[in-house]
Amino acid sequence: MSQITIVEVGPRDGLQNEAVVVDTATKVEFINRCVAAGVRRIEAASFVNPKRVPQMADGEAVLEQLPPDAASYIGLVLNERGFDRALNTQVDEANLVVMVTDTFSQKNQGMTTQEAIAAVAAIAPRAKEAGLPVSVTLSASFGCPYEGEVEVARLVDVATQVAAAGIDELAIADTIGVAVPRDVQRRLAAVSDAVHVPLRVHVHNTRNTGYASALAAADAGVTVLDASLGGIGGCPFAPRATGNIATEDLVFALERSGYDTGLDLDALCRTSDWLGEQLGRPTPGLVAKAGGFPPL
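Position numbers for residues count from 1 along each chain, tracking the sequence in the order it is written. This being a predicted model, a pLDDT of at least 70 is required before a residue's local features are given, and a value of 80 or more before pairs of side-chain atoms are given or counted; all residues contribute to the totals for chains, interfaces and linings. The basis for every side-chain value is the complete set of non-hydrogen atoms in the structure, without hydrogens or water.

Is there a simple way to explain the overall build of the protein chain in this structure?
Under the DSSP-based scheme used, a helix requires at least four consecutive residues in state H or I and a strand at least two consecutive residues in state E, with every element numbered from the N terminus. The number of helices and strands found in the protein chain is twelve helices and twelve strands. Throughout, the radius of gyration refers to the C-alpha atoms, and the reference size of a globule is 2.2 Å times the residue count to the power 0.38. The C-alpha atoms of the protein chain give a radius of gyration of 17 Å, which matches the 19 Å a tight globule of 296 residues would have. Along the first, second and third principal axes, the C-alpha atoms of the protein chain reach 45 × 40 × 35 Å. Looking at the protein chain as a whole, 58% of its 296 residues are labelled buried. Within the protein chain, contacts between residues at least 6 apart in sequence are counted, and of these 74% link residues at least 24 apart. Burial here depends on accessible area, computed with a 1.4 Å probe over protein chains only, as a share of the maximum for the residue type. Under 20% is buried, over 50% is exposed, and the range in between is partly exposed. Between two residues, a contact is recorded if the distance between any of their heavy atoms is within 4.5 Å.

Here it is in structure tokens:
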């Protein structure tokens, strides 16, 4: 069976779009529950302006309370100021974001795409010096809520510039949930031909194509996929942004398709139910409601 690593993004990408601010203790328990289910890479914190994303204001406090070496804790940074904050924690990886379109980049990060690429070029060598692996998420790699369809040539151009900064991993992200399997395969092939950096894929289920797109990425040879427990989350700066794919639903689909995730599906489902209780509403994922199925 081919191995697929799932990066759990719920504690950051999932919670950042919630109307209620989840307290630090609940975030820590959320992450610890993910670790107990076998997750080994987790987006644990975000070092962004707390006025813009108040749900993520306690990044340092969350990381301080996590058990060291239990998983690889990822911290999101957008600029050198955020990276300086991350360096003072036990974060294990730095993840940066480059929006592929300028309009979305201005609304999300207050900078152009080229300015975001310049930030990566400035931060990547500092992270290397500190011994932190660096990944970059190329958001809106498929479509933009403001500029529409993203041309493959534009994606390849941005990916090539970002990879030249000496990063360790490149995540191709469908931030607004418009990807379909054929487009996933086409864009992955184009980026793979242009850069020689391990690829990760982050898709949303906004239009009910997320799981098909994730499976298409796995079939295309991608071995790292993002997902969020319960399917919570989305980008707070994209109109009608919903639909991270649910970790438990993705695990079910992958393992029924012959992939090995190494994760405990029952434990993930219990955590999805627990998370719904903390948020005061059922989570969007379906497998936690329906249950698993005997293995093939």
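Looking at this structure, I do not really get the pairing of strand 11 (residues 224-227). What am I missing?
Burial along strand 11 is two-sided: the residues Val-224 and Asp-226 and Leu-225 and Ala-227 are all buried. The pairing of strand 2 (residues 5-8) with strand 11 spans four bridges and is classified as parallel. Looking at strand 11, one finds that Val-7 is bridged to Asp-226. In this scheme, strands are said to pair when DSSP sees at least two bridges between them.

When you look at helix 5 (residues 102-109) in this model, what are you seeing that I'm missing?
Side chains three or four residues apart in an α-helix point the same way, a direct result of the helix having 3.6 residues per turn. All of the buried residues along helix 5 are Phe-104, Ser-105, Asn-108 and Gln-109. Projection of helix 5 onto a plane perpendicular to its axis shows the buried side chains occupying an angular sector of 100 degrees, all on one side. If you follow the buried residues of helix 5, they end up packed against strand 5 (93-99), helix 6 (113-130) and strand 7 (143-144). Looking one or two residues past helix 5, Gly-110 carries a phi angle of roughly 70 degrees, positive in sign. Arc definition: it is the arc formed by the directions from the helix axis to the C-beta atoms.

It is not clear to me how helix 4 (residues 80-87) should be interpreted in this structure. Could you clarify?
For helix 4, the full list of buried residues reads Gly-82, Phe-83 and Ala-86. Along the axis of helix 4, the buried residues cluster in a sector spanning 100 degrees; they form a single face. The N-cap residue of helix 4 is Asn-79: its side-chain oxygen and the backbone nitrogen of Arg-81 are 3.3 Å apart. N or O atoms closer than or at 3.5 Å make up a polar contact, with two conditions inside protein: a donor-capable atom paired with an acceptor-capable one, and, for residues adjacent in sequence, both atoms drawn from side chains.

Quick question: what am I supposed to make of the packing of aromatic side chains here?
Any pair of Phe, Tyr and Trp rings, taking the six-membered ring for Trp, is counted once the centres come within 6.5 Å. Such a pair is stacked with planes under 30 degrees apart, edge-to-face with planes over 60 apart, and tilted for the rest. Considering all chains together, one arrives at two aromatic pairs under this definition. Residues Phe-30 and Trp-274 carry aromatic rings whose centres are separated by 6.3 Å and whose planes lie at 50 degrees to one another, so their mutual orientation is tilted. Remark: Trp-274 occurs in helix 11 (residues 265-279) and Phe-30 occurs in helix 2 (residues 24-36); sequence separation between them is 244 residues. This pair shows no difference in class: Phe-30 is buried, exactly as Trp-274 is. Each ring, one from Phe-104 and one from Tyr-146, has its centre 5.6 Å from the other, and the planes form 70 degrees; the classification is edge-to-face. You can see Phe-104 sitting in helix 5 and its partner Tyr-146 sitting in the loop between strand 7 and strand 8 (148-149), a full 42 residues away along the chain. Tyr-146 gets classed as partly exposed once you look at its relative accessible area, which sits at 32%. Of note, Lys-107 hangs over the ring of Tyr-146, and the distance from its end group to the ring centre comes to 5.0 Å. Working rule: Lys NZ or Arg CZ, within 6 Å of ring centre, within 35 degrees of ring normal, means a charge sits over the ring.

Would you mind going over the pattern of salt bridges with me for this structure?
Pairing between side chains of opposite charge can happen when their charged atoms approach one another. Definition used for salt bridges: Asp or Glu carboxyl oxygen within 4 Å of a side-chain nitrogen of Lys or Arg. Tallying each qualifying case throughout the model produces 16 salt bridges. With a closest N to O distance of 2.8 Å, Glu-60 and Arg-85 form a salt bridge. Of this pair, Glu-60 sits in helix 3 (residues 59-64) while Arg-85 sits in helix 4, and the two are 25 residues apart along the sequence. Note that Glu-80 is salt-bridged to Arg-126, the shortest N-O span being 3.1 Å. Pair noted here: Glu-80 is in helix 4 and Arg-126 is in helix 6, with a separation of 46 residues, a long-range link.

For this particular structure, what's the right way to read the packing of helix 10 (residues 247-256) against helix 11?
When two helices pack together, their arrangement is given by the angle between their axes and by how far apart the axes lie. Contact geometry of helix 10 with helix 11 gives a least axis separation of 9 Å together with a crossing angle of 155 degrees. Relative to helix 11, the element helix 10 lies roughly antiparallel. As helix 10 packs across helix 11, the resulting crossing turns out to be left-handed. Counting all contacts with helix 10, which are made through Thr-247, Glu-248, Val-251 and Phe-252, the residues of helix 11 involved are Leu-265, Leu-268, Cys-269 and Ser-272. Tallied by class, the residues present in the contact of helix 10 with helix 11 amount to five nonpolar, two polar and one charged. Axis definition: a line fitted to C-alpha atoms, limited for helices to the stretch in contact. Angles are taken between N-to-C directions and run from 0 to 180 degrees. Geometric relationships in this document are graded by angle, where less than 35 degrees denotes roughly parallel, more than 145 denotes roughly antiparallel, 65 to 115 denotes roughly perpendicular, and other angles denote oblique. Crossing handedness follows the turn of the near helix against the far one: under a right angle anticlockwise gives a left-handed crossing, and clockwise gives a right-handed one. Only Asp, Glu, Lys and Arg are considered charged in this grouping, and only Ala, Val, Leu, Ile, Met, Phe, Trp, Tyr, Cys and Pro are considered nonpolar; every other residue, Gly among them, is considered polar.

Explanation requested: the pairing of strand 3 (residues 41-47) in the structure shown.
In summary, the side chains of a regular strand alternate between the two faces of the sheet. With seven of its seven residues buried, strand 3 lies for the most part within the structure. With two bridges connecting them, strand 2 and strand 3 associate as parallel partners. Bridged to Val-7 within strand 3 is Arg-41. Of the strand pairs in this sheet, strand 3 and strand 4 (residues 72-77) are connected by six bridges, and their pairing is parallel. Across the sheet, residue Ala-45 finds its bridge partner in strand 4, namely Gly-75. Handedness is read with the strands pointing away from the viewer; a crossover is right-handed when the path from the first strand over the helix to the second is clockwise. The handedness of the strand 3 to strand 4 crossover, carried by helix 3, is right-handed.

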